[in-house]
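What follows is the residue order along each chain.
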Amino acid sequence: MATEYELKKQICDIGKRIYNRNMVAANDGNISVKLNDHEFLCTPTGVSKGFMTPEFICKVDEKGNVIQANKGFKPSSEIKMHMRVYEKRPDVGAVVHAHPTFATAFAIAGIPLTQPIMPEAVIALGCVPIAEYGTPSTMEIPDNVEKYLPYYDAVLLESHGALTWSVDLLAAYHKMESVEFYAELLYKSKMLGGPKEFDKETVERLYEIRRQFNLPGKHPANLCLNKHTLNCHNCGKGSAAGACATNGCSGSVNSDAKTYSPEVVAEITKQVLSQLGMQ
Ligand code: 13P
């Protein structure tokens, strides 16, 4: 079991990783770790997460109130968002918020990551919905993220970034890496004319692998198994009114938001690139 000081060092290491991998710019992003039900470590507000040392790290209670912070440091302005994850998901030990380029571009375009295009993304994430836009630092973000918490371990934050959580800090960070890699592959395959999606049987075989590995966390594979219904990847494709949709697996921000076919996305992308003189 890592000591509190070791956990603070781990937060600094993960801060360096998200900064060095272009997942955050300037002072963006925040990280937290659960010590016990009433104590949490978190990054301070307004510092570059790439240059933190353990003295930067603050300790808060389950409401986000300061228990300990060194002079000049205050907990992240997004601490309430982190606390909502811990409140609704007792299995979670760490939360990471970042603005990775590709995932954030999807969040800005209002396109959830719902296309099953490669095995690791299907197994690790299922699909990644978009939580409705909220003003940073207000209760709007925790309130809008809440409905996704029982079913997923990652969401895009509309017009803002991404939020991931898992059993410990490395696992929560890995979710962020997976989200960004999935978004990058989806973006690039759209540039190449649109990804070739797995069919339902292939997706179900991958979900079965996930169940056999007994991977921690929530995932559409478990949700859909329980509901005896289609997997998450089918949501928003004509069957959006099905059981997935009513269980938070809307695959989209707004109830009236559309999921575009790869062909439509590829065509729109081509037109935009051509208008920008890039094609
Ligand atoms: P903090 O520095 O307050 O954690 O905020 C950074 C951020 O990315 C807000 O969305």
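Above this note sits the structure.
Residues numbered from 1 in each chain as written. Predicted model: local features only at pLDDT ≥ 70, side-chain atom pairs only at ≥ 80, totals over all residues. Heavy atoms only, no water.

S.K.: I'd like to hear about the overall build of the protein, residue by residue, with values.
M.R.: Broken down by element type, the protein carries 10 helices and 8 strands. Residues classed as buried in the protein amount to 49% of the 279 residues present. Roughly 13000 Å² of accessible area belongs to the protein as shown, and the carbon and sulfur atoms make up 54% of that amount. (Helix = DSSP H or I, 4+ residues; strand = E, 2+ residues; numbered from the N terminus. Buried < 20%, exposed > 50% of the residue type's maximum accessible area, 1.4 Å probe, protein only. Areas by Shrake-Rupley, 256 points an atom, 1.4 Å probe, with all protein chains shown as cover.)

S.K.: A description of the site of the ligand should follow, citing residues and the corresponding values.
M.R.: Gly29, Asn30, Thr45, Ser76 and Ser77 are the nearest of the 13 residues found near the ligand. At 3.4 Å from an oxygen atom of the ligand is found a side-chain nitrogen or oxygen belonging to His99. Surface burial for the ligand is 90%, taken as the share of its 300 Å² of free accessible area covered by protein chains. The residue inventory of the shell around the ligand, partitioned by class, reads no nonpolar, 10 polar and 3 charged. (Near = heavy atom within 4 Å. Polar contact = N/O pair within 3.5 Å; in protein donor to acceptor, adjacent residues only side chain to side chain. Nonpolar A, V, L, I, M, F, W, Y, C, P; charged D, E, K, R; others polar.)

S.K.: With reference to specific residues and values, describe the pattern of salt bridges.
M.R.: Counting across every chain of the model gives 14 salt bridges. When the shortest N-O distance is used, the salt bridge between Arg89 and Asp153 registers 2.8 Å. Here Asp153 lies in the loop between helix 5 (140–145) and strand 7 (154–157) and Arg89 lies in the loop between helix 2 (79–88) and strand 5 (94–98), a separation of 64 residues in the sequence. By the burial criterion, Arg89 is buried, and Asp153 matches it. For the salt bridge of Arg211 with Glu208, the shortest nitrogen-to-oxygen distance reads 3.1 Å. Linking Arg211 with Glu208, this pair stays in helix 7 (residues 200–213), spanning 3 residues, or about one helical turn. Three or more residues joined by partner-sharing salt bridges are found here, namely Arg84, Glu87, Lys88, Asp143 and Glu146. (Salt bridge = Lys/Arg side-chain N within 4 Å of Asp/Glu carboxyl O.)

S.K.: Break down the packing of aromatic side chains for me, with residues and values.
M.R.: Applying the stated criterion across every chain yields a total of 5 aromatic pairs. Ring geometry for Phe56 and Phe73: centres 4.6 Å apart, planes at 35°, overall tilted. With Phe56 in the loop between strand 2 (39–42) and strand 3 (58–60) and Phe73 in the loop between strand 4 (66–68) and helix 2, this pair connects stretches of sequence that are 17 residues apart. Residues Phe56 and Phe73 agree in their burial class; the two are buried. (Phe/Tyr/Trp six-rings, centres within 6.5 Å; stacked < 30°, edge-to-face > 60°.)

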